[in-house]
Amino acid sequence: WSLSVPQKWKQLSRLQRMVVLFLLVVLMLFGLRSYVHVADEWAGTSCMILGRPEGCLRVTLVSVQKPQRHFRRGPPNLQIRAPEGDSQERRQDQAQKRAEVVGEASDQPRGVSSVCSSSEAPSTDGRRRPQPTRPSRQGHHNARQKAVVDAFLHAWAGYRKFAWGHDELKPLTRSFSEWFGLGLTLIDALDTMWILGLKKEFQEARNWVSKKLRFRKDVDVNLFESTIRILGGLLSAFHLSGDVLFLNKAEDFGNRLMPAFRTPSKIPYSIVNIGTGAAHPPQWTSDSTVSEVTSIQLEFRELSRLTGDKTFQEAAEEVTRRVHGLHGKLDGLVPMFIDTNSGSFTQLGEFTLGAGADSYYEYLLKQWIQGGKKERQLLEDYLEAVDGIRKHLLARSEPRKLTFVGELNHGRFSAHGHLLPDVPSDGDGAEPRDRTLQPAAHEGCEGRSGQGELRLAQGWARWACRGAPPEPTCPPQAADRHNLLRPETVESLFYLHRLTGDRKYQDWGWEILRSFNTYTRVPSGGYSSISNVQDPHHPQPRDKMESFFLGETLKYLYLLFSDDPDLLSLDTYVFNTEAHPLPIWAPS
Ligand code: DMJ
C-alpha cells in the first residue's frame with residue numbers, strides 16, 4: 001500500500017491495464033454525455049428557435065414535469081375569496097413556497113418546453129394545446145430584427161442601470177418613477193426578451209421576479225393596467241418559458257385583484273389595494289371605464305384554465321354578460337363609462353374608438369379566438385360593432401379621400417381621436433369584410449403621419465382648423481403632438497402584414513423604428529417620450545420610458561420584420577392588449 005500509483009500500474013498485467021483503461025474511457029463518455037444533456041436543456045429553452053420540434057419534445061419531457069403537477073389541484077373554488085385574512089395569506093404563502101420549491105430549485109428556465117410546450121402545457125379541460133412556434137434563433141435575426149434587438153438592449157441597459165426593479169425608467173435624469181412599485185417594465189418585458197432570444201437578460205429578470213417580486217404590499221393598483229401588464233406578462237412568460245414561478249406569481253396576483261369585483265353591480269372597481277384588499281372607484285366618480293372592465297377577460301380566463309380555479313373566469317365573464325345586455329349602445333358601439341353601483345352605461349351618446357372604449361371591441365374578438373371560436377355571442381357583438389364603426393365613426397377626408405376614424409357625440413361627428421391607429425384587428429379573420437377596415441384606416445394614418453416631420457404618430461388627433469379637411473394641411477393642436485413610444489401603429493402594421501403579406505407595412509415600421517432611434521434614443525441608455533412630433537430640432541424629450549415600449553412596441557416591430565408567419569403564429573396565440581401572447585385553447 002506504500003507503493004505510488006505509477007509503481008502500482010507497473011505491477012499490473014497487460015490484461016489488467018486494458019480493463020482499467022477501458023473503464024476509464026467508459027466513465028469519461030458518461031461524463032461527456034451528462035454535460036451535453038445539461039447544456040441541451042438551456043439551449044433547449046429556445047428549441048422553437050432552432051425550429052426543430054423533435055428537439056423540443058425531448059427537452060419538454062424533462063422540463064414540464066413539475067408544472068404539470070401544479071395544474072390539477074382540487075376542484076375549482078367557486079367563491080370569490082375574502083381579500084384579507086388567513087386564507088389569502090395562506091394561499092400567498094403556499095404559492096410562494098411552490099415558487100421557491102419548483103421555480104427556484106433550478107436557476108434555469110425550463111424553457112424549451114415553453115414555446116415548444118405551450119402545446120404540452122397541462123390543462124384542466126383536456127382541450128388541445130397550441131402547437132409549438134418557432135421564434136428566430138438568437139443571432140439569426142434579419143437586419144431589421146437585429147436593429148430591434150439593438151434598440152431593446154439599449155432600452156434595457158438604461159433600465160438596468162438606473163431603474164432596476166422599479167416601474168419606469170426616467171432616461172434623462174437617469175432615475176426612475178413608480179406607479180405600482182412592482183417592477184412594471186421588467187415584467188412587461190419578460191416575454192419580449194424571450195422572443196428576441198435574450199437569454200441572459202431574461203434569466204437576470206427571472207431571478208429578480210423570484211427573489212424580489214412580492215405582492216404583499218399596501219399599494220393601490222389599477223385593475224386594468226395591472227391585469228394587462230403584470231398578470232398578462234407573467235402568464236405569457238410562463239407559457240413561453242415553461243417556468244412555473246411565473247404561474248405562481250400570476251395566481252397570487254390574480255387573487256389579490258379579485259376584491260375589485262365585489263361591487264353591487266358585479267362591474268369591477270377600477271382600483272384595488274393588493275395588500276389590504278380594499279377596492280374602490282376613483283375619488284371623483286363611481287364609474288369605471290368600459291374598455292377597462294371589458295379588457296381583462298383574456299387574462300382571467302387563462303388564469304382559470306391554468307389553475308383550475310374558475311373564480312377568475314366567472315367574475316370576468318359576468319362583466320361581459322352584463323355589458324352585452326345593457327341599453328345605451330348604438331349599432332354595437334358602447335359608451336365610455338359604466339356605473340359600478342347600477343351597472344348601467346353613463347354619459348350616453350358619446351362614442352369613440354379611442355381610450356375608454358377601444359379594447360372592448362378588441363377583446364370581443366380576441367376572446368372568441370382564445371376560446372376556439374365557439375362563443376358565438378362574442379363574435380356577433382364584435383361584428384355588429386364593426387358595422388357600427390363603419391356607419392358612425394369612419395369618414396373620408398378631402399381632397400385626398402383618406403379614410404380616418406372620428407368620434408360621435410350625440411349624433412355629431414368630429415374628426416377627433418385618441419390612439420387612432422388602434423382599430424381593432426380581426427386577428428386571423430372573422431369575415432373577409434372586416435379586413436377592409438384596418439388597411440383603410442391605416443392609409444389615413446399613413447397620410448397623416450407622412451406629413452409629420454418625425455414620422456411618429458402623435459398621441460391625439462384633434463385638428464385645429466374648423467370645418468377644414470382633417471388632413472396634414474391642417475395642423476394638429478399643440479397639446480396633441482406628443483409621442484409616448486406607444487405601440488398602436490406598429491401593432492396594426494404587424495397585423496396588416498400578417499394578413500396581407502404586403503411588405504410596405506414592414507417598410508413603414510422600419511421608418512418608425514428609425515425615427516425612434518433618431519428622436520427618442522437617449523445616449524446613456526433608454527428611450528424617452530417626446531412632446532413634439534412636428535419639430536425635428538426640438539422634439540422635447542419628456543424623461544419617461546413607458547413599460548409598453550419594451551412590452552409592446554419593440555415586440556411588434558420585431559414580429560413585423562419577420563417573414564415567418566409561424567413566429568408566434570396567429571393560429572396558435574392571441575395577444576392581449578399589452579402584446580402578451582396567450583395560447584388559443586383550441587387552435588385551428
Ligand atoms: C398599453 O398599455 C396598451 O396597449 C393598452 O391597451 C393601451 N395603452 C397602452 C399603449 O398605448
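Calculation rules
Residues numbered from 1 in each chain as written. Predicted model: local features only at pLDDT ≥ 70, side-chain atom pairs only at ≥ 80, totals over all residues. Heavy atoms only, no water. UniProt positions renumbered as here; feature names shortened; annotations may be inferred. Helix = DSSP H or I, 4+ residues; strand = E, 2+ residues; numbered from the N terminus. Buried < 20%, exposed > 50% of the residue type's maximum accessible area, 1.4 Å probe, protein only. Contact = heavy atoms within 4.5 Å. Areas by Shrake-Rupley, 256 points an atom, 1.4 Å probe, with all protein chains shown as cover. Expected span 1.5 Å × (residues − 1). Near = heavy atom within 4 Å. Polar contact = N/O pair within 3.5 Å; in protein donor to acceptor, adjacent residues only side chain to side chain. Nonpolar A, V, L, I, M, F, W, Y, C, P; charged D, E, K, R; others polar. Pairing = 2+ DSSP bridges. Salt bridge = Lys/Arg side-chain N within 4 Å of Asp/Glu carboxyl O. Phe/Tyr/Trp six-rings, centres within 6.5 Å; stacked < 30°, edge-to-face > 60°.

The protein carries the name alpha-1,2-Mannosidase in an unreviewed UniProt entry, which gives Capra hircus as its organism. Looking at the Pathway (unreviewed entry) heading of the UniProt record, one finds this comment for the protein: "Protein modification; protein glycosylation."

### Brief notes about the overall build of the protein
Within the protein, the secondary structure is distributed over 22 helices and 17 strands. Looking at the protein residue by residue over its 588 residues, the buried ones come to 59%. Long-range contacts, defined as pairs at least 24 residues apart, comprise 70% of the intrachain contacts of the protein with a sequence gap of at least 6. Summing over all exposed atoms, the protein offers an accessible surface of approximately 23,900 Å²; the carbon and sulfur share of this is 54%.

### So, helix α16 (residues 358–370)
The end-to-end C-alpha distance of α16, which contains 13 residues, comes to 18 Å, matching closely the 18 Å that a straight helix rising 1.5 Å per residue would cover. Positive backbone phi, at 85 degrees, marks G372, one or two positions downstream of α16.

### Section: the site of the ligand
In the region of the ligand, the neighbouring residues are I228, R229, R486, P487, E488, F548, E552, T577 and E578. Between the ligand and the protein, one listed contact pairs an oxygen atom with a side-chain N or O atom of E488 at 2.8 Å. For the ligand, whose accessible area on its own is 290 Å², the fraction buried by protein is 92%. Elements represented by at least two residues in the shell around the ligand include exactly α11 (223–241) and α22 (547–560). Looking at the shell around the ligand residue by residue, the class counts come to three nonpolar, one polar and five charged.

### Topic: the UniProt feature "binding site: Ca(2+)" (unreviewed entry) in the protein
As recorded in UniProt, the feature "binding site: Ca(2+)" (unreviewed entry) lies at T577. Its location among the elements puts T577 in the loop between β16 (573–575) and β17 (581–583). In this structure T577 touches F224, I228, S359, E362, Y363 and E552, once residues within four positions along its chain are discounted. In terms of polar contacts, T577 uses its side chain to reach the side chain of E362, at 3.0 Å.

### Some points on the sheet that holds strand β7 (residues 337–339)
The three strands lie next to each other as β6-β7-β8, forming an open sheet whose pairing is antiparallel. The strands lining the two open edges of the sheet, one partner per strand, are β6 (287–289) and β8 (345–346). Pairing analysis gives three bridges linking β6 to β7, with the strands arranged antiparallel. Looking at β7, one finds that S288 is bridged to I338.

### Considerations on the pattern of salt bridges
Applying the stated criterion across every chain yields a total of 19 salt bridges. Among the salt bridges present, the one from D243 reaches R206, with a minimum N-O distance of 2.6 Å. With D243 in the loop between α11 and α12 (244–257) and R206 in helix α10 (residues 199–211), the pair connects residues that are 37 residues apart, well separated along the chain. Just as D243 is buried, R206 falls in that class too.

### Things to note about the sheet that holds strand β12 (residues 407–409)
Hydrogen bonds along the backbone pair up the strands of a sheet, which may run parallel or antiparallel. Strand order in the open sheet made by the three strands is β9-β12-β13, with antiparallel pairing throughout. The open sheet is flanked by β9 (350–351) and β13 (412–414), the only strands paired with a single partner. Pairing of β9 with β12 involves two bridges; the strand directions are antiparallel. Pairing of E350 across the sheet is with N409, part of β12.

### Section: the packing of aromatic side chains
The relation between two aromatic rings is expressed through the spacing of the ring centres and the mutual angle of the planes. Taken as a whole and judged by the stated rule, the model has 20 aromatic pairs. Ring centres 5.4 Å apart and planes at 35 degrees place the aromatic pair W156 and Y159 in the tilted group. Separated by three residues within a single helix, W156 and Y159 lie in helix α8 (residues 143–162), roughly one turn from each other. Relative accessible area serves as the criterion here: at 2%, W156 is assigned to the buried category. With a relative accessible area of 0%, Y159 lands in the buried category.

### A word on the environment of D339
Along the chain, D339 falls in strand β7. Residues D339 and S288, 51 residues apart in the sequence, show an inter-C-alpha distance of 6.3 Å. In contact with D339, other than residues within four places in its own chain, are S265, S286, D287, S344 and T346. Looking at D339, its side chain comes within polar contact range of the main-chain nitrogen of N341, at 2.7 Å.

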